[in-house]
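# Overview (structure and organization)
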Amino acid sequence: MTDENKTADNKEEETQKDKDGGKGDECNSCKNDQEVVFIQDLGFNVKVAAPGVEPFDIQVSSMELVQEIHQLLMDREDTCHRTCFSLQLEGTTLDNFAELKTVEGLKEGSLIKVVEEPYTMREARIHVRHVRDLLKSVEPIDSYNGADGASLSFLNTVTAGDIMEKRRVRSDPVDCTPPDFIMPGYSQDKELPLLPLHPVSKEQSTKLHCLKVLTPSGWNPPPGHRKLHGDLLYLQVVTMEDKHYHITASTRGFYVNHSTEEEFNPKPANPSYLSHSLIELLNQVSSSFKRNFATLQKRRTSRHPYERVPTPYQIYSWVGPQLDHNIDAIRAEDAFSSKLGYEEHIPGQTRDWNEELQTTRELPRKNLPERLLRERAIFKVHSDFVSAATRGAMAVIDGNVMAINPGEEAKMQMFIWNNIFFSLGFDVKDHYKDLGGDAAAYVAPRNDLQGVKVYNAVDLEGLFTLGTVVLDYRGYRVTAQSIIPGILEREQEQSVVYGSIDFGKTIVTHSKYLDLLQKAGNQLKILPHKVVNDKGEEVELCSSVECKGIIGNDGRHYILDLLRTFPPDVNFLKIEGVDLSKEATALGFPVEHRHKLSCLRQELIDAFVESRYMMFIKCAAVQLQQLTVKKQMTTDLPQITAEKEKEKEKENEKEKGKEKEGEMEEDEAKRIVESMTDSITSGEKQEMEDSTKEIVKKAANAVGSLKDTEFDIRFNPDVFSPGVVHPDANGDGYKKQCQLVKDAADFLLTVQIPAFIRDCLDHNTAPMDGHTLADAIHNRGINIRYLGKITGMIQKVPQLEYVHRIACTELVLRASKHIFTQYLQGLDMLSIACAVSHFLNCLLSGCPNPAVTVPDQLNSKRSRARNKSKNSNKSKQSPLTPSDSIEWATLTPKGLWQQIKKECKAYFDWELTAESSDAFVEQFQITKIMLLRSFCMKTGIQTLLREYNFDSKQQQTFSDEDIVNMYPIVKHISPRATDAYNFYTTGQSKIQQGFLKDGYELISEALNLLNNVYGAMHPEIAQCLRMLARLNYIMGDHVEALSCQQKAVLMSERVNGLEHPYTITEYTHLALYCFANTQVSTSLKLLYRARYLALLVCGENHPEVALIDSNIGLILHAVGEYDISLRFLEKALALNQKFHGAKTLKVAVSYHLVARTQSCMGDFRSALANEKETFTIYKTQLGEEHEKTKESGECLRHLTQQAVVLQKKMNDIYQGKSKTGLPPIQIQPPSMGSVLDMLNIINGILFVQISQQDIENFKKEYDMRQATTGTKTLEQTKSDDSSKADLKKVVEDLDDLTKSEDTKKSSPSPSPQPSTEVKS
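Residues numbered from 1 in each chain as written. Predicted model: local features only at pLDDT ≥ 70, side-chain atom pairs only at ≥ 80, totals over all residues. Heavy atoms only, no water.

## What about the overall build of the protein chain?
The condition is simple: Strands are runs of DSSP state E lasting at least two residues, helices are runs of H or I lasting at least four, and both sets are numbered from the N terminus onward. Relative accessibility thresholds used throughout: buried, under 20% of the residue-type maximum; exposed, over 50%; partly exposed, between the two (1.4 Å probe, protein chains only). Only the protein chains shown count as cover for residues, with accessible areas throughout obtained via the Shrake-Rupley method and a probe of 1.4 Å.
The helix and strand inventory of the protein chain stands at 48 helices and 23 strands. In the protein chain, which comprises 1320 residues, the proportion classed as buried is 55%. Surface exposure of the protein chain reaches about 58100 Å², of which carbon and sulfur atoms provide 52%.

## Focus on the packing of aromatic side chains
The condition that has to hold: Whether two aromatic rings pair depends on their centres lying within 6.5 Å, for rings of Phe, Tyr and Trp, where Trp uses its six-membered ring; planes under 30 degrees apart make the pair stacked, over 60 edge-to-face, and the rest tilted.
In this structure the tally under the stated criterion is 33 aromatic pairs. Taking 6.0 Å as the distance between ring centres and 45 degrees as the angle between the ring planes, the aromatic pair formed by phenylalanine 464 and tyrosine 558 counts as tilted. In this pair, phenylalanine 464 sits in strand β13 (residues 463-465) while tyrosine 558 sits in strand β20 (residues 557-560), placing the two residues 94 residues apart along the sequence. Accessibility classification places phenylalanine 464 together with tyrosine 558 in one group, the buried group.

## Some words on helix α40 (residues 1080-1098)
Stated formally: The span you would expect from a helix comes to 1.5 Å times its residue count less one.
The end-to-end C-alpha distance of α40 is 27 Å, a good match for the 27 Å that 19 residues give at a rise of 1.5 Å each. Of all 19 residues that make up α40, 18 are buried, and the element is covered over most of its length. Downstream of α40 by a residue or two, glycine 1099 has a phi angle that is positive, lying close to 80 degrees.

## Thoughts on the confidence of the model for the protein chain
For residues with low pLDDT, the predicted coordinates do not support detailed interpretation. Quick note on the threshold: Confidence of the predictor at the level of single residues is given by pLDDT, which spans 0 to 100. It only takes one pair of heavy atoms within 4.5 Å for two residues to be counted as in contact.
For the protein chain, per-residue confidence averages 83 on the pLDDT scale, and 82% of positions sit at 70 or higher. Counting contacts from residues 340-348, a segment whose pLDDT is below 50, to residues more than four positions away or on other chains yields 19 contacts. For the stretch residues 637-663, pLDDT sits under 50, and the model shows 27 contacts to residues farther than four places along the chain or on other chains.

## Some points on the packing of helix α34 (residues 928-939) against α40
We apply this condition: Axis definition: a line fitted to C-alpha atoms, limited for helices to the stretch in contact. Angles are taken between N-to-C directions and run from 0 to 180 degrees. Throughout this description, any angle smaller than 35 degrees is read as roughly parallel, any larger than 145 degrees as roughly antiparallel, any in the 65 to 115 degree range as roughly perpendicular, and the remainder as oblique. Just so you know the grouping, Ala, Val, Leu, Ile, Met, Phe, Trp, Tyr, Cys and Pro go in nonpolar, Asp, Glu, Lys and Arg go in charged, and all remaining residues, Gly too, go in polar.
It is the contact of α34 with α40, at a shortest axis distance of 7 Å, that shows an interaxial angle of 80 degrees. The angle between α34 and α40 falls in the class roughly perpendicular. Mapping the contact onto sequence places Ile929, Met930 and Arg933 in α34 and Leu1095, Leu1096, Val1097 and Cys1098 in α40. Looking at the contact of α34 with α40 residue by residue, the class counts come to six nonpolar, no polar and one charged.

## Considering the sheet that holds strand β4 (residues 92-93)
The following threshold applies: The criterion for strand pairing is that DSSP finds at least two bridges linking the strands in question.
Pairing is mixed across the open sheet formed by five strands, whose spatial order is β2-β1-β5-β3-β4. Where the open sheet ends on each side, the last strands, each with one partner, are β2 (56-61) and β4. Bridge analysis of strand β3 (residues 85-89) against strand β5 (residues 111-116) gives five bridges, and the strand direction is antiparallel. Bridge pairing in β5 links leucine 89 to isoleucine 112. The sheet contacts of helix α3 (residues 66-75) involve β1 (43-49), β2, β3 and β5, and relative to β3 the element is tilted by about 125 degrees.

## Remarks on the nonpolar core
Test applied: Throughout, nonpolar core names a set of buried Ala, Val, Leu, Ile, Met, Phe, Trp, Tyr and Cys residues whose side chains join them through atoms within 4.5 Å.
Residues Tyr455, Phe756, Ile900 and Phe920 are the most contacted members of the largest nonpolar core, which totals 272 residues. Not counting the four nearest positions on each side in its chain, tyrosine 455 is found in contact with Leu463, Thr465, Leu517, Ala520, Leu524, Ile526, Ile559, Leu562 and Thr565. Leu235, Tyr245, Phe289 and Phe293 belong to the second-largest nonpolar core, a separate cluster that totals 32 residues.

## Brief notes about the sheet that holds strand β14 (residues 468-473)
Taken in spatial order, the five strands line up as β11-β12-β15-β14-β23 in an open sheet, and their pairing is antiparallel. The open sheet has two edge strands with one neighbour each: β11 (414-417) and β23 (969-972). Shown here is a sheet whose adjacent strand axes are inclined to one another by a mean of 25 degrees, direction ignored. Relative to strand β15 (residues 476-482), strand β12 (residues 420-424) runs antiparallel, the two sharing five bridges. Bridging across to β15, isoleucine 420 finds its partner in serine 482.

## Considering the pairing of β15
Here β15 lies mainly inside the structure; seven of its seven residues are buried. What you see with β15 is no split at all: Tyr476, Val478, Ala480 and Ser482 on one side and Arg477, Thr479 and Gln481 on the other are buried throughout. Sheet topology note: the β14/β15 ladder contains six bridges and is antiparallel. Each residue of the ladder has a partner; that of aspartate 472, found in β15, is arginine 477. What sits between β14 and β15 in their antiparallel hairpin is a turn of two residues, with arginine 474 showing a positive phi close to 50 degrees.

## Here we look at helix α32 (residues 893-908)
Which entries qualify depends on this criterion: Our arc is simply the arc of the directions from the helix axis toward the C-beta atoms.
Taking 1.5 Å per residue as the helical rise, α32 with its 16 residues ought to reach 22 Å, and the 22 Å between its terminal C-alpha atoms agrees with that figure. Buried residues of α32: Pro893, Leu896, Trp897, Ile900, Lys901, Glu903, Cys904, Tyr907 and Phe908, and no others. Here the buried residues of α32 occupy an arc of 165 degrees about the axis, which is enough to place them on one side. Opposite the packed face of α32, turned more than 90 degrees from it, sit the exposed residues Lys894 and Lys902. For α32, the elements touching its buried residues are α28 (787-794), α29 (801-824), α30 (832-844) and α33 (917-924). Positive backbone phi, approximately 55 degrees, marks aspartate 909, located one or two places after α32.

## A few points about the packing of helix α44 (residues 1164-1182) against helix α45 (residues 1187-1214)
Note the cut-off: Each crossing is labelled by how the near helix is turned from the far one, with a counterclockwise turn of less than a right angle marking it left-handed and a clockwise turn marking it right-handed.
Where α44 contacts α45, the two axes come as close as 9 Å, and the packing angle between them is 160 degrees. When the axis of α44 is compared with that of α45, the two are roughly antiparallel. Seen from above, α44 lies across α45 with left-handed handedness. Contact with α44, carried on its side by Phe1164, Arg1165, Ala1167, Leu1168, Glu1171, Lys1172, Thr1174, Phe1175, Tyr1178, Lys1179 and Leu1182, involves Lys1188, Thr1189, Ser1192, Gly1193, Cys1195, Leu1196, Leu1199, Thr1200, Gln1202, Ala1203, Leu1206 and Gln1207 of α45 and no other residues of that element.

## Quick word on the pattern of salt bridges
Worth spelling out the cut-off: Think of a salt bridge as a Lys or Arg side-chain nitrogen and an Asp or Glu carboxyl oxygen that are within 4 Å of each other.
In total, this model carries 61 salt bridges according to the counting rule given. For arginine 785, the salt bridge identified is with aspartate 569, shortest N-O distance 3.1 Å. Here aspartate 569 lies in the loop between β20 and α20 (582-586) and arginine 785 lies in the loop between α27 (770-779) and α28, a separation of 216 residues in the sequence. Residues arginine 785 and aspartate 569 agree in their burial class; the two are buried. A cluster of three or more residues bridged by salt bridges with shared partners is formed by Arg361, Arg365, Arg374, Asp459 and Glu461.

Dropping the structure here:
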């Protein structure tokens, strides 16, 4: 969901910029420059002296809090065992929450002392918890369980250690043989193995145990008389040597006491080993603890920080091993206490989420520092809220929370836990009866979330939305919301001051709300309109009727139930008397959908308004031109014909708004319209003014504008709503509103879907799996319910066979998910594992009738229940009460597949032709592992990490032991870092203009701001790092490029997922930079990993795989592994031909690479044939004079020569003239430099040709500039610009978000060429 939001929000911001009158980047960048100056935080070094350690230096920044030094010391290897200490500067204790710049006397080189403080009960508990965290810090348990923001990362396992460390040690033995399973063609006959997804490093295989048990003792809490002696709590420890100790935590520290399991004796033992830290004590009592803890520390601190920092939103793994379950009392305590982990730190116990969420929104935001603080606070509170809501929702479904209305039947129950309100996605009290019942109740929360998202993005002062999270867990949809103060004390009817609680029967309105909503509505294109309530009164609203306004006890104006923020999608509503356009009916619309809540997406509304605006301007311009022509004609007659022409034109305009685009360039149109308005202002003549009004009126009518006098396109979200009465249902105004909604739905079919298909054809978007496909469709404003139609259209385009395959898979799996959701509801907890594994068997196993194991406890219950069930009334059964029925066990593969076919047809209007999963897999050449991955990720199943056999007809694939866990699928909004985003986009445009250095600085600044707002881990930061790496690489700093890209890979693994398509791209980039840093075998390992992940995600037939294969082939060629190299290059050639067309430049390069390798193997005949292909393509595409064509010609001559020499020698031997046998063929292995050039070309990076001298001059100049920044003379600036122009005629296409692979802009070349381009 997050990516989708990102791009949606990007669009919002862009349109916002346009509205501000296109002031755009110019003013932004100057505004930013002023602001950056005064948030420059200064970095400086201070010395820290801690007991028992040599003083050491740390680097801090003036913006940090003192507490951050605390955190740093609790993480450092030599001080991590301390938690209870204060920091003192010259004898005064520093305030934990003070910023360093406010601390008096703190400067470069100051000495800060670490002073041990006496413990309190709370401090002792925090200390024990910290020790427990240290002991399990290297275990991946939390990552597999999806706890505490931990997630997996395997980069350093793949590269066998940190690449940056390796740079210093230059021993790179080149072992290049790829594992079998990634060889081209392997996955067509065999399933891809699953174990390599989580590779095991050498040290992981040796488990480190420091203690057997560390747990609070049963003697807690200390009795009164011991409290008075300073006892805080008691612990029990069993060491690896099997010795039992009872330990007292007292205010002075920890010591061993005389207690045993049977007898309480709190007196200190002799020796008591009193230590301020528990770890120091354990080091004394157990030698194996001391030894293993030291090793563990080494291991912990040797990991990259990015492997340890928690992610802001939890990532779950869809496969996991069966983990050891150790005794851990703290974990047990956390699970059963309602407190949230570390939140005991917060005074007043439970958090008031609503207050926190709203207060952060009210923070000031006038300048950059204020906005950063505000966004940081909003982001932090939001991510805390999401994790609390996730815990709560799981507790609700697991039956761990009592309902606030326990008397009602289960599906109507609501819950409050930790100040969050939870409700279930069922149709309560027939609320949605007319809209589709439970189906509507299921999608309403998701629509509501979209509404919350857009109102949050508008970010209007004074208008508040609820914190909202929608979760799917174990087949139930749960909505978690923050609670409006005071709402629980009164009935809903009393508190609603705006909107309707019964879908439009009683409606109220409120002037303050109208004012606020109209301001927001202007940005969201929502039209203020009137509706009629059941008393026949007209009421004015500026939202849909079911949007409610409630003024909380805190006086804030809240809006909720935003499920209809956007206009309805008429393609999915069957409405009496409404006819759709010819195009829509031809495609089979309107389709009757399961519910009547289908809305258009915000991206679509924006695109539609934008397109209508261009139409308006062009239309006005055309008429203005005619007017001036008409003025020059004096006679009457032509005038009349011109009028008629114009009338016709208006008619055509509606039909063919598209054709206009060819007639007139947009800029020209804008110019003409501007001149028109100028002439009005200069008051040329009354008649001119009248005719211009006339023109505007006609143009406005042509685009369906709501007003005659100006361009005004907004939507009434209540049109076509069942049960809503409109005051003037036959008036022109209302008809126009209806027409606009129909036009927008039409625009989706006639413009946006073809545009998406074009994006795929141009390789601007190349989705790799269902998730990225959904993102790409959403970016165009198309809803997933159109996927069936899109799939039908793509089917006709052979080049997009890979998109068609992904789309079909996605349709089948979404249909399966719908069925699975129903299947899970009402399962007894006892049978979940069995039921889920049975469903997976029916879906994926080759076995036609999988056996079912029903848990024993259920069998005995059933025989007893049989007699009762005859007379009990079943209808009152709610879907939440666990049933003893084992209906789930009756599911068969055949039956399931029939259901899937029905669902595909019913929901997506798509015909699934295959008769079974085996036939489906066969038809689309996909693997069952791909299906398993995608299905688990959609439904939140975690399966056991092992090799599965899908083909056996006798034995089923899954058993109940293979279902390791179920986790929630969480949807929420993602707060944005707006300033960072602006810096980033300004940086991108600078780079596109060729100013690499300025772009680099802006993007580095963006990275700073992103870190400021999001902390260390976030998908957008990973993107920013990838960009910086690429810039460093182009500017020649290969080491820095490697370092940035390494971070990008680690972060992408952690926040996007191990095999997310973005992670695959990051791996390929990293491989290139590794090669540039002469780490050849590492670079191959990375590419092998990338290819394995790509095979797992999308299989072999994909343009991305062609790129990976070209890279692998080239590097193998460089190290002389010609045979294997040829296999990869030939695969890449075949894929490029398939996806790019046989005569494209990409294919020419592929032919050339294959020819190079064949000539090295001495197969000159084949090499000649392939190089000829290259030559032909270049000749037809670029012409004979192009240097590419000439180069290829040279190459041909050279090969022909070699072939002739060889043939001559062969003939001599055959004729017996020469007795010597074949002479060795002279083969020049390619130089690393030439391979790197080739790699740059296929990865879309072309460098400018620069001589060594230029580089030297540039370096000198650069150093001079660095030395004299700030004082630039005019001459220097001039020379800078020229050197910029030389070095950096850069960047055609650097849109990081579209991840496009393209070398379209300039031809690929084996030698650097004066044109540069960067692949995003």
